[in-house]
Amino acid sequence: MTQDPSSARSRTVSVDDTGVRRTLADGSEEAVTWSELQSVMVRVIPDGPWNEDVFFMLVGSDGKGTAIPSGDPAADALIERLQTLPGFDNERFIEAMTTDADQAYVVWQS
């Protein structure tokens, strides 16, 4: 089944003291709370520079989570919050953000 790409686009992303919530264009929501967060990956897809090519993948303890495009207006606030996680791998994060390799980089695990 092919997903309509427009339905996967974000309508809003919020980053707060509770966690991260992404509302999609079709009205569905993806969310993960900070207390349930298990891992953070930076997923690089060589589709740039005209298409979104870097995503922050946040996975909760229930296996669910959200993917936040790096170009989203809330991405700066998300990055600031992620960098405060104990053990966050800034070197790996920088590597992920400066490559065009088709790869997922684990930058934090609980």
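Here is what the cut-offs are and how they apply
Residues numbered from 1 in each chain as written. Predicted model: local features only at pLDDT ≥ 70, side-chain atom pairs only at ≥ 80, totals over all residues. Heavy atoms only, no water. Helix = DSSP H or I, 4+ residues; strand = E, 2+ residues; numbered from the N terminus. Buried < 20%, exposed > 50% of the residue type's maximum accessible area, 1.4 Å probe, protein only. Contact = heavy atoms within 4.5 Å. Pairing = 2+ DSSP bridges.

Novice: Could you give an account of the overall build of the chain, with specific residues and numbers?
Specialist: Secondary structure assignment for the chain yields two helices and seven strands. Here the chain, with 110 residues, has 33% of them falling under the buried criterion. Contacts in the chain between residues at least 24 apart in sequence constitute 39% of all its contacts with a sequence separation of at least 6.

Novice: Give a detailed account of the pairing of strand S4 (residues 37-44), specifying residues and quantitative values.
Specialist: Across seven bridges, S4 lies against strand S5 (residues 54-60) in antiparallel orientation. Each residue of the ladder has a partner; that of Leu-37, found in S5, is Gly-60. As defined by bridge partners, S4 adjoins strand S7 (residues 103-109) across six bridges and the pair is classed as antiparallel. Note on S7: the bridge partner recorded for Val-44 is Gln-103.

Novice: Which residues make up the environment of Leu-58, and what values do they have?
Specialist: Mapped onto the fold, Leu-58 is located in strand S5. Linking Leu-58 and Ile-68, residues ten residues apart in sequence, is a C-alpha distance of 8.1 Å. Setting aside residues no more than four positions away along its own chain, Leu-58 makes contact with Val-20, Val-32, Trp-34, Leu-37, Ser-39, Val-40, Lys-64, Gly-65, Thr-66, Leu-78 and Leu-82.

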